[in-house]
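Structure at a glance
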Amino acid sequence: MLFTFELPFSLAFTYGYFPDKYRVICFIAVILFSALVSFVGFAVPELYSKWRHYPKPEYDPCVDTLEYIKKKRLWMSRIAGVIFAVCGFLLSYFIKDWYITIAKEGHSTEALNMVGYSYELRMVLWSYLVIYLEGMFWFIPEELFMPDEPSWVYFVLPAVVLILIPMLYFALNIKICAIILGCYYILLYIRGLRRNHRNPQKTDEEEKIENNRSEKYR
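Summary of the structure given here. (Residues numbered from 1 in each chain as written. Predicted model: local features only at pLDDT ≥ 70, side-chain atom pairs only at ≥ 80, totals over all residues. Heavy atoms only, no water.)

Quick look at unusual backbone geometry
The criterion, for reference: Helix numbers and strand numbers start at the N terminus; a helix is a DSSP run of H or I with at least 4 residues, a strand a run of E with at least 2. For each residue, the accessible area found with a 1.4 Å probe, counting protein chains only, is set against the maximum for its type, and the residue is called buried under 20%, exposed over 50%, and partly exposed in between.
Its identity is not glycine, yet His 53 carries a phi of approximately 60°, on the positive side. Inspection of the secondary structure puts His 53 in the loop between helix H2 (23-52) and helix H3 (75-103). The exposed category is assigned to His 53, whose relative accessible area is 70%. Of note in this structure, Ala 171 is not a glycine but carries a positive phi near 55°.

And the structure:
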């Protein structure tokens, strides 16, 4: 589900340079790269935990959220973030250079030659932050990260993150934003069905904990 939050931004940082004749190819390439970055973000701390033989933290109502995160164990996420930051720069630079080469055919314009590296640098920052932040999220128990009870946060916040920000600040096509937002809501619905199927009944103590958390998140 986090992937749906990240994808609009990687598309926004490259979408304007997709050559018309090769738009589908570029579109698929950026989606695959974004999916890989998202996967690595969670896979790295998981592999590190198996290597160092420590389990994923379990939920404890007495522990603060930030206390779950062990920053000293995120060094592999930092290294992976740097590697994919370089890959993100190269991918966005290749797409922009491809666009400029095609756009210059039959045209004599100096504007295209004056394009800076702002999109490439944004992809660098995006790639690093996605891997590092998802490494941090790995330590947070699911009861805190995505609690069972429904909350307006999981319906309103995605609309702001997936539509308003990419569209208004990065000029991403609203249709693309709407499709990604729809995918998020579908995944949210499926997740609810799976959790209900997995935990059909709860003890009185679990119900009490759930109700306390519900008041916190509402």
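Some words on the packing of H2 against helix H4 (residues 118-139)
Rule in force here: Angles shown run from 0 to 180 degrees and are taken between the N-to-C directions of axes, each axis being a line fitted to C-alpha atoms and, for helices, limited to the stretch in contact. Crossing handedness is defined as follows: a turn of the near helix away from the far one that is anticlockwise and smaller than a right angle gives a left-handed crossing, while the clockwise case is right-handed. The contact criterion used is simple: two residues touch if any of their non-hydrogen atoms lie within 4.5 Å. In this classification, Asp, Glu, Lys and Arg are treated as charged, Ala, Val, Leu, Ile, Met, Phe, Trp, Tyr, Cys and Pro as nonpolar, and every other residue, Gly included, as polar.
Between H2 and H4, whose axes approach to 8 Å, the crossing angle comes to 40°. Taken as a pair, H2 and H4 cross one another with a handedness that is right-handed. Packed against H2, whose contacting residues are Phe 33, Ser 34, Val 37, Ser 38, Val 40, Gly 41, Phe 42, Pro 45, Glu 46 and Ser 49, the element H4 presents Met 123, Trp 126, Ser 127, Val 130, Ile 131, Glu 134, Gly 135, Phe 137 and Trp 138 at the interface. In terms of residue class, the contact of H2 with H4 is built from 11 nonpolar, six polar and two charged.

Digging into the nonpolar core
It is characteristic of soluble globular proteins that their nonpolar side chains tend to be buried jointly. What counts, and what does not: Only buried Ala, Val, Leu, Ile, Met, Phe, Trp, Tyr and Cys residues count toward a nonpolar core, and they belong to the same one when joined by side-chain atoms within 4.5 Å.
Core analysis: the largest hydrophobic core is formed by 33 residues, its most contacted members being Leu 11, Phe 33, Val 37, Ile 95, Trp 126 and Leu 172. Among all residues touching Ile 95, those that are not within four sequence positions of it are Thr 14, Tyr 17, Phe 18, Cys 26 and Val 30. Residues Tyr 54, Tyr 68, Ile 69 and Met 136 belong to the second largest nonpolar core, which totals 11 residues.

Things to note about a nonpolar patch on the surface
Note the cut-off: Nonpolar side chains (Val, Leu, Ile, Met, Phe, Trp, Tyr) within 5 Å and like charges within 9 Å form the patches, drawn only from residues with over 30% relative accessible area and no salt bridge. Computed by Shrake-Rupley with a 1.4 Å probe, the accessible areas treat only the displayed protein chains as cover when residues are assessed. By definition, a salt bridge exists where a carboxyl oxygen of Asp or Glu is found within 4 Å of a side-chain nitrogen of Lys or Arg.
The grouping of Trp 152, Phe 155, Val 156, Val 160, Leu 164, Leu 168 and Tyr 169 at the surface amounts to a nonpolar patch, some 750 Å² of accessible area in total. Note on placement: Leu 164 falls in helix H6 (residues 153-170). Take Leu 164: its relative accessible area is 39%, and that puts it in the partly exposed class.

Re the environment of Pro 61
Here Pro 61 is to be found in the loop between H2 and H3. Classification of Pro 61 by relative accessible area gives exposed; the value is 55%. Separated by 82 residues in sequence, Pro 61 and Glu 143 have C-alpha atoms that sit 9.7 Å apart.

Description of the side chain of Ser 77
Turning to its location among the elements, Ser 77 is positioned in helix H3. Residue Ser 77 is classed as buried on the basis of its relative accessible area, which comes to 1%. Beyond its immediate stretch of four places on either side in the chain, Ser 77 contacts Val 44, Pro 45, Ile 131 and Gly 135.

As for the pattern of salt bridges
Enumeration according to the criterion identifies two salt bridges in this entry. Asp 20 is the partner of Arg 23 in a salt bridge, and the nearest nitrogen-oxygen pair spans 2.9 Å. Among the residues examined, Arg 23 registers a relative accessible area of 26% and is labelled partly exposed. Residue Glu 120 is joined to Lys 96 by a salt bridge in which the shortest nitrogen-to-oxygen separation is 2.9 Å. A residue pair is termed long-range when its members are at least 10 positions apart, and Glu 120 in helix H4 and Lys 96 in helix H3 qualify at 24 residues. The class for Lys 96 is buried, based on a relative accessible area of 5%.

Regarding the packing of H3 against H4
Counted only if it meets this: Here the angle decides the label: under 35 degrees means roughly parallel, over 145 means roughly antiparallel, 65 to 115 means roughly perpendicular, and every other value means oblique.
Remark: H3 packs on H4, axes separated minimally by 7 Å, with the N-to-C direction vectors making an angle of 150°. If you check the angle between H3 and H4, you find them roughly antiparallel. In the packing of H3 onto H4, the handedness of the crossing is right-handed. Between H3, through Ser 77, Arg 78, Ala 80, Gly 81, Val 82, Phe 84, Ala 85, Gly 88, Phe 89, Ser 92, Tyr 93 and Lys 96, and H4, the contact on the second element is made entirely by Tyr 119, Glu 120, Met 123, Val 124, Ser 127, Tyr 128, Ile 131, Tyr 132 and Gly 135. For the contact of H3 with H4, a count of residues per class yields 12 nonpolar, six polar and three charged.

Remarks on the environment of Phe 39
Mapped onto the secondary structure, Phe 39 falls in helix H2. Expressed as a C-alpha distance, the spacing of Phe 39 and Glu 134, which sit 95 residues apart in the sequence, is 9.1 Å.

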